[in-house]
Amino acid sequence: TEELRPNEECALTAFTYPQSISDELAESPVAFTADESAQEDAPQDSRRRILRDTAFVWRREDGTNALVQTWPTHLNEDFRKTFEITEGTNPDSDKFSPQAVSEFQAAMVRLFGSNA
C-alpha cells in the first residue's frame, strides 16, 4: 500500500523462489480509493478489484495462480557492498529459481509497462 515514486536509489525485490496463491485468495477483494491508492476502509464501488487484478497475482498457463510478493529496498552503497549484482544473467539457478525470476520480471512489466 505504498506509492512508488521514481528515485535513483529505490528498487523492488522479491523472493528467489516461485510462490502460488489459492483460487480463493486470488479472488479476495482489494479496496482502492478514487486515486487508486489502497485503503482498508475504502467503500466498494462498481470497479471491485480482486488480487488477481493486480500486477502481482495472475493465473499461470498450468492453471495455478502466481504470487509475486514484492517490497521496496534501497539500491545504495550499503546494498552494493552487501550483495553481488549481476545483470542479464542468472548467477545461480539453484538460489534464484528461473521461474521466480521470470515471474518477477512479468510482474514488473505488468506494473510499469514493457520498458520495465
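Small disclaimer: the values here were computed from a predicted structure and weren't measured.

The rules behind these values
Residues numbered from 1 in each chain as written. Predicted model: local features only at pLDDT ≥ 70, side-chain atom pairs only at ≥ 80, totals over all residues. Heavy atoms only, no water. Helix = DSSP H or I, 4+ residues; strand = E, 2+ residues; numbered from the N terminus. Buried < 20%, exposed > 50% of the residue type's maximum accessible area, 1.4 Å probe, protein only. Contact = heavy atoms within 4.5 Å. Expected span 1.5 Å × (residues − 1). Arc of directions from axis to C-beta. Patch = residues over 30% accessible without salt bridge, like charges linked within 9 Å, V, L, I, M, F, W, Y side chains within 5 Å. Areas by Shrake-Rupley, 256 points an atom, 1.4 Å probe, with all protein chains shown as cover. Salt bridge = Lys/Arg side-chain N within 4 Å of Asp/Glu carboxyl O. Core = buried A, V, L, I, M, F, W, Y, C linked by side-chain atoms within 4.5 Å. Pairing = 2+ DSSP bridges. Axes fitted to C-alpha atoms, helices over the stretch in contact; angles between N-to-C directions.

Q: How should the side chain of Gln-19 be read in this particular structure?
A: Its place among the elements puts Gln-19 in strand β2 (residues 19–21). Given the relative accessible area of 14%, Gln-19 is considered buried. Apart from residues no more than four positions distant in its own chain, Gln-19 is found in contact with Arg-60, Asn-65, Ala-66, Leu-67, Gln-69 and Glu-103.

Q: Is there a simple way to think about helix α3 (residues 98–112) in this case?
A: In an α-helix, one turn spans 3.6 residues; hence positions three or four apart end up facing the same way. In this model α3 runs 21 Å from its N-terminal to its C-terminal C-alpha over 15 residues, within 8% of the 21 Å that 1.5 Å per residue would give. Turning to α3, its buried residues are Ala-100, Glu-103, Ala-107 and Met-108. Burial along α3 is one-sided: seen end-on, the buried residues are contained in an arc of 145°. Remark: Gly-113 follows α3 within two positions and exhibits a positive phi of approximately 100°.

Q: In this structure, what is going on with a nonpolar patch on the surface? I would like to understand it.
A: On the surface, Leu-4, Leu-111 and Phe-112 cluster together to form a nonpolar patch covering roughly 260 Å² of accessible area. Along the polypeptide, Leu-111 turns up in helix α3. Owing to a relative accessible area of 31%, Leu-111 belongs among the partly exposed residues under this scheme.

Q: Just checking my understanding: could you explain the nonpolar core for this structure?
A: The tendency in soluble globular proteins is for nonpolar side chains to be buried as a group. With 6 residues, the main nonpolar core is built from Ala-14, Trp-58, Ala-66, Val-68, Ala-107 and Met-108. Aside from chain neighbours lying at most four places away, what touches Ala-66 is Gln-19, Ile-21, Phe-56, Val-57, Trp-58, Arg-60 and Glu-103.

Q: Please explain the sheet that holds strand β6 (residues 65–67) as it appears in this structure.
A: What holds strands together in a sheet is hydrogen bonding between their backbones, with the strands either parallel or antiparallel. Spatially, 3 strands are ordered β2-β6-β5 in an open sheet, and the strand pairing comes out antiparallel. Lying at the two open borders of the sheet, with one neighbouring strand each, are β2 and β5 (57–59). Pairwise comparison of adjacent strand axes, ignoring direction, gives a mean angle of 40° for this sheet. Pairing geometry for β5 and β6, over 3 bridges, is antiparallel. For Val-57, the partnering residue across the bridge sits in β6 and is Leu-67. Helix-sheet contacts for α3 involve β2, β5 and β6, and the interaxial angle to β5 is about 110°.

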